[in-house]
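# Examination of the molecular architecture
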Amino acid sequence: MKKILLFVVAISLGLAMIPPTKAPKIEDSCKKETQILNGKEKLSPFRYEKIKTVAITMKEYAQLKEIIIPIYQEQQYRFVFNAEGMPADIEVEITDRPRDNKKAVVLYSGKAGTAESIMHETAEGEFYREVYVYLKIPPTEIFDPELIQKGCVVFLTGYKVF
Amino acid sequence: MRKTVLAAITLTLVLASCGESGSNNTDSMGVEETQSAANQEQVDAEMATEVLYPSPLQIISVFQRSGLQYNEGLILPSGAEAEGGSRINNTILLGAFSTDLAYCILNDQSNRSLEYLHAINTTADNVGIRGFFNAEEMFARAEKNISNRDSILEVAANVQEQLDTYIEDSHDYESAALLFLGAWLESYHIAYESFSKDNEQVVLHRMMEHLRMLNYVFEPFKNNTDNLDLKELLTSLENLKNSYASLLEKEAIEVTDLMPVSAEIEKIRSSIIASQN
């Protein structure tokens, strides 16, 4: 009987000693308001058209965000990508067709560091029906199950006022 | 015997406590997992393909550059917003009012611009974006700078930004498409009803380009067939898309060729206005 009691107590103590699961720590580098303000400055003198904040959670694999922008011909556009709120560099690619289309032409390709912006303008006289914007987010370099890294890219579009 | 009972009670309590703790952990884990799954979904939703629709101000600017003359009778009556109607129709109407606001601003119609700002505010309430606009501040700024076109343009851009933020925060991409549809219908109506012999060819070119933009409306509705009103609307738009496709088969397009397409657009626009009464 005593043995059983001891066994039960031992098991209970053992169970009690299992540490509770800890919630992962979230590190969010997004500075949306500042990024919007800085992005708008870069957009000027083009007239503000649209804004898109892409919220990112870093993953162990690369991520890709596709944004389609219908284009009015004879309109000139400026695109600004503000990556100040990202924990890692981002890559931006702009094409005239979906990237898996063999005829797709890369109109712009570049990288932005975590404190940088990318600015691209469609050239005068270049006519597209639409442009495809691809944001490439690299895989996280920190493999810590107790840490979730977040950030954001602010993407602004503007058009030239004639 | 007493010892056995004591042991049993201890065991029960310990197990119950473990169970509770386990349950807490499970709950906690459950929440964790749910949160993690939600984050995953959120990221996935964010990562899904998205269309950044042209704003009403840009669309009207494009047509304005073709030399269209202002015609007050063409735009929606600014009282059309007060009557009610479905959320779908009100969202479309919100896009149409935003277009009329842009049209008034670009034609220096300051007082009418204010009327449309009010119409946008009421319609936004009808759609369920209650309190979303900082209306008082918006009206105060607009009224103070009524004679300054750039300031009013800034107010209109701010309205657009607030709508974009609402769409983004709520991930309501269907509403984004409906807002664009409203702007699309209204600007086509304005252009089609107001071109003259002098600018016919330029406006025709713009209208053909504008008709092509209809294709983007369907993107967020690819998996949605549940809502009957929406289904009906999408069917009308599909017919319109087909009419546009057959228009493209012609070797040369004249303004008169646009008549059937324009009649279909007018029908859709009128039915949305009628549904408010």
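Source: prediction; values computed, not measured.

## As for the side chain of H120 of chain A
Residue and element names in this part refer to chain A. Within the fold, H120 resides in strand 7 (residues 117-121). Assessed through its relative accessible area of 14%, H120 is described here as buried. Residues within four places of H120 in sequence aside, it is in contact with Y77, R78, F79, I94, L107 and Y108.

## A closer look at the pairing of strand 2 (residues 47-57) of chain A
Residues and elements named next belong to chain A. Counting buried positions along strand 2 yields 10 of 11 residues, so the element is predominantly enclosed. Inspection of the sheet shows strand 2 paired to strand 9 (residues 147-159) by 10 bridges, in the antiparallel sense. When the bridges of strand 9 are listed, I51 appears paired with L156.

## Brief notes about the packing of aromatic side chains
In total, this model carries nine aromatic pairs over all chains according to the counting rule given. Ring geometry for Y53 of chain B against F180 of chain B: centres 5.0 Å apart, planes inclined by 20°, an arrangement best described as stacked. Note that Y53 of chain B is positioned in the loop between strand 1 (50-51) and helix 2 (56-64) and F180 of chain B in helix 7 (residues 173-194), a separation of 127 residues in sequence. Residue F180 of chain B is classed as buried on the basis of its relative accessible area, which comes to 3%. Centroid distance Y70 of chain B to Y103 of chain B: 5.1 Å. Interplanar angle 35°. Geometry classified as tilted. Taken together, the residues Y70 of chain B in the loop between helix 2 and helix 3 (87-106) and Y103 of chain B in helix 3 connect sequence positions 33 residues apart. Accessibility expressed as a relative area gives 22% for Y70 of chain B, which makes it partly exposed. A residue is classified by how much of its surface remains accessible, and Y103 of chain B, at 1% relative accessible area, is buried. The rings of Y77, F79, F81 and F155 of chain A are connected pair by pair, giving a single aromatic cluster. Against the face of Y134 of chain A rests R99 of chain A, its NZ or CZ located 5.2 Å from the ring centre.

## With respect to the interface of chain A and chain B
Contact residues are listed per partner, giving 47 residues for chain A and 44 residues for chain B. For the pairing of chain A and chain B, the buried interface totals around 4200 Å² over both sides, and the portion due to carbon and sulfur atoms is 53%. The three residues of chain A that bury the most area against chain B are K50, P70 and Y72 of chain A, which together make up 18% of that side's buried surface. Between E161 of chain B and K40 of chain A there is a salt bridge, with its nearest N and O atoms 2.5 Å apart.

## Looking at the packing of helix 2 of chain B against helix 3 of chain B
Residue and element names in this part refer to chain B. Relative orientation of the contacting elements helix 2 and helix 3 amounts to 50°, with a least axis distance of 8 Å. One element, helix 2, and the other, helix 3, form an angle in the oblique class. Two packed elements cross with a definite hand, and for helix 2 against helix 3 that hand is right-handed. Every residue of helix 3 that contacts helix 2 at P56, L57, I60, S61 and Q64 is listed here: G95, S98, T99, A102, Y103 and L106. Grouping the amino acids of the contact of helix 2 with helix 3 by side-chain chemistry returns six nonpolar, five polar and no charged.

## Side note on the pattern of salt bridges
Oppositely charged side chains can pair when the atoms bearing their charge come close. Per the counting criterion, the structure on display carries 20 salt bridges over all chains. A salt bridge links R97 of chain A to D96 of chain A, with the nearest nitrogen and oxygen atoms 3.5 Å apart. Owing to a relative accessible area of 16%, D96 of chain A belongs among the buried residues under this scheme. R87 of chain B serves as the salt-bridge partner of D172 of chain B, at 3.6 Å between the closest nitrogen and oxygen. Placement of the pair is D172 of chain B in the loop between helix 6 (149-170) and helix 7 and R87 of chain B in helix 3, with a sequence separation of 85 residues. Taken together, the shared-partner salt bridges in this structure form one network comprising K32, K52 and K65 of chain A together with E50, E168 and D169 of chain B.

## Some thoughts on the nonpolar core
Membership of the largest hydrophobic core comes to 113 residues, with the highest contact counts inside it found for F81 of chain A together with L181, W184, L211 and L237 of chain B. A per-element tally of this core places helix 7 of chain B first, with 14 residues. Judged by nonpolar contacts, the second largest core, of eight residues, contains L43, Y48, I51 and V154 of chain A.

## Here's the deal with the sheet that holds strand 3 (residues 63-70) of chain A
The strand order 6(A)-5(A)-8(A)-3(A)-1(B) describes an open sheet built from five strands, whose pairing is mixed. The open sheet has two edge strands, strand 6 (106-112) of chain A together with strand 1 of chain B, and neither has a second partner. Sheet topology places strand 3 of chain A next to strand 1 of chain B; two bridges connect them, and they run parallel. Among the inter-strand pairings, I67 of chain A is bridged to a residue of strand 1 of chain B, identified as E50 of chain B.

## Structural notes on helix 9 (residues 228-248) of chain B
Residues and elements named next belong to chain B. Here helix 9 spans 30 Å end to end across 21 residues, near enough to the 30 Å set by a 1.5 Å rise per residue. Those residues of helix 9 that fall on the buried side of the exposure criterion are L230, L233, L234, L237, L240, S243, Y244 and L247. Elements in contact with the buried residues of helix 9: helix 3, helix 7, helix 8 (200-212) and helix 10 (259-274). By the N-cap criterion, in which a side-chain oxygen at the helix start approaches the backbone nitrogen of a residue two or three places on, helix 9 is capped by N227, the distance to D229 being 2.9 Å.

## Considerations on a nonpolar patch on the surface
On the surface, L5, V9 and L13 of chain A cluster together into a nonpolar patch covering about 230 Å² of accessible area. Mapping L5 of chain A onto the fold places it in helix 1 (residues 2-16).

Parameters and conventions
Residues numbered from 1 in each chain as written. Chains lettered and ligands numbered in written order. Predicted model: local features only at pLDDT ≥ 70, side-chain atom pairs only at ≥ 80, totals over all residues. Heavy atoms only, no water. Helix = DSSP H or I, 4+ residues; strand = E, 2+ residues; numbered from the N terminus. Buried < 20%, exposed > 50% of the residue type's maximum accessible area, 1.4 Å probe, protein only. Contact = heavy atoms within 4.5 Å. Pairing = 2+ DSSP bridges. Phe/Tyr/Trp six-rings, centres within 6.5 Å; stacked < 30°, edge-to-face > 60°. Lys NZ or Arg CZ within 6 Å of the ring centre and 35° of its normal. Buried area = accessible area lost by both parts, 1.4 Å probe. Salt bridge = Lys/Arg side-chain N within 4 Å of Asp/Glu carboxyl O. Axes fitted to C-alpha atoms, helices over the stretch in contact; angles between N-to-C directions. Parallel < 35°, antiparallel > 145°, perpendicular 65-115°, else oblique. Left-handed = near helix turned anticlockwise from the far one by under 90°. Nonpolar A, V, L, I, M, F, W, Y, C, P; charged D, E, K, R; others polar. Core = buried A, V, L, I, M, F, W, Y, C linked by side-chain atoms within 4.5 Å. Expected span 1.5 Å × (residues − 1). Polar contact = N/O pair within 3.5 Å; in protein donor to acceptor, adjacent residues only side chain to side chain. Patch = residues over 30% accessible without salt bridge, like charges linked within 9 Å, V, L, I, M, F, W, Y side chains within 5 Å. Areas by Shrake-Rupley, 256 points an atom, 1.4 Å probe, with all protein chains shown as cover.

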